[in-house]
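# Architecture and fold: a report
Listed below are the residues making up each chain.
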Amino acid sequence: MSNPSQAPTVDLKLYRRPMPFGWWLENGAYFRFIARELTCIFVGLFTVLTLELVQAVGRGPAPYAAFMARLEGSAYIAFSLLAFAAVLYHAVTWFNLVPTTVVVRLGGERVPDGLIAAAHFAAWAVASLVVAFIVLRG
């Protein structure tokens, strides 16, 4: 039996390829990927804002009025427009990516990628119309 404390030591040095900070700026596909991933920040912030709105509504008219007063101004409008653009970019890029993650077969043959993406866009449009109907009907 050998003694584990007498085992030879090996000095392993892992190779770490040097990566410049702006590596993702050198390739359009990498830039779009990182931009899509960064949009989740705005998705999260807008979600938190929506949850705060629901909480204010649940507390009554005075907290709701205070919350709405906090949202007045150009800073909130700018944030809303930026968040809307980020969520729109996130959704469009995700729906274009779905055919690579969801493989649908009908009759043993794969459904074309364009048809899968189009079905998702159509469902998004229907859901948007339903929400718009509910909100705009008063």
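We now turn to the structure provided with this report. (Residues numbered from 1 in each chain as written. Predicted model: local features only at pLDDT ≥ 70, side-chain atom pairs only at ≥ 80, totals over all residues. Heavy atoms only, no water.)

## A closer look at the overall build of the chain
When helices and strands are counted, the chain shows four helices and two strands. Judged by the C-alpha coordinates and their principal axes, the chain covers about 80 × 50 × 40 Å. Here the chain holds 138 residues, and 14% of them are scored as buried. A fraction of 48% describes how many contacts in the chain between residues 6 or more apart in sequence connect residues 24 or more apart. Counting every atom, the chain has about 11,200 Å² of accessible surface; 70% of that belongs to carbon and sulfur. Averaging the coordinates of the 10 positive side-chain charges in the chain and doing the same for the 7 negative ones gives two points 3 Å apart. (Helix = DSSP H or I, 4+ residues; strand = E, 2+ residues; numbered from the N terminus. Buried < 20%, exposed > 50% of the residue type's maximum accessible area, 1.4 Å probe, protein only. Contact = heavy atoms within 4.5 Å. Areas by Shrake-Rupley, 256 points an atom, 1.4 Å probe, with all protein chains shown as cover. Lys, Arg positive; Asp, Glu negative; His and termini not counted. Charge placed at Lys NZ, Arg CZ, Asp CG, Glu CD.)

## Observations concerning the side chain of Thr39
Along the polypeptide, Thr39 turns up in helix 1 (residues 28–59). Not counting chain neighbours up to four residues away, the residues in contact with Thr39 comprise Ala86, Tyr89 and His90.

## Let's talk about the packing of helix 1 against helix 2 (residues 61–70)
Two elements in contact, helix 1 and helix 2, have axes whose closest approach is 7 Å; the angle formed by their N-to-C orientations is 150°. As far as their axial angle goes, helix 2 and helix 1 are roughly antiparallel. Contacts between helix 1 and helix 2 pair Leu49, Glu52, Leu53, Ala56, Val57 and Arg59 from the former with Pro63, Tyr64, Phe67, Met68 and Arg70 from the latter. A per-class count over the contact of helix 1 with helix 2 returns eight nonpolar, no polar and three charged. (Axes fitted to C-alpha atoms, helices over the stretch in contact; angles between N-to-C directions. Parallel < 35°, antiparallel > 145°, perpendicular 65-115°, else oblique. Nonpolar A, V, L, I, M, F, W, Y, C, P; charged D, E, K, R; others polar.)

## Description of the packing of aromatic side chains
What the rule picks out here adds up to six aromatic pairs. Centroid distance Phe95 to Phe121: 5.4 Å. Interplanar angle 70°. Geometry classified as edge-to-face. With a gap of 26 residues between them, Phe95 in helix 3 (residues 74–101) and Phe121 in helix 4 (residues 113–136) connect regions that are remote in the sequence. Look at Phe121 and you get partly exposed, because its relative accessible area is 25%. Through pairs of rings, three or more aromatic residues link up here, namely Phe95, Phe121 and Trp124. (Phe/Tyr/Trp six-rings, centres within 6.5 Å; stacked < 30°, edge-to-face > 60°.)

## A word on a nonpolar patch on the surface
On the surface, a nonpolar cluster with roughly 400 Å² of combined accessible area is contributed by Val126, Val130, Phe133 and Ile134. Along the chain, Ile134 turns up in helix 4. (Patch = residues over 30% accessible without salt bridge, like charges linked within 9 Å, V, L, I, M, F, W, Y side chains within 5 Å. Salt bridge = Lys/Arg side-chain N within 4 Å of Asp/Glu carboxyl O.)

## Details of helix 1
With 32 residues, helix 1 extends 47 Å from end C-alpha to end C-alpha; this agrees with the ideal 46 Å at 1.5 Å per step. Among the residues making up helix 1, those that are buried are Ile34, Arg36, Thr39, Leu49 and Ala56. Where helix 1 is buried, its residues meet helix 2 and helix 3. The residue sitting at the N-terminus of helix 1 and contributing the capping side-chain oxygen is Asn27; that oxygen lies 2.9 Å from the backbone nitrogen of Ala29. Following helix 1 by one or two positions, Gly60 has its phi on the positive side, about 125°. (Expected span 1.5 Å × (residues − 1). Polar contact = N/O pair within 3.5 Å; in protein donor to acceptor, adjacent residues only side chain to side chain.)

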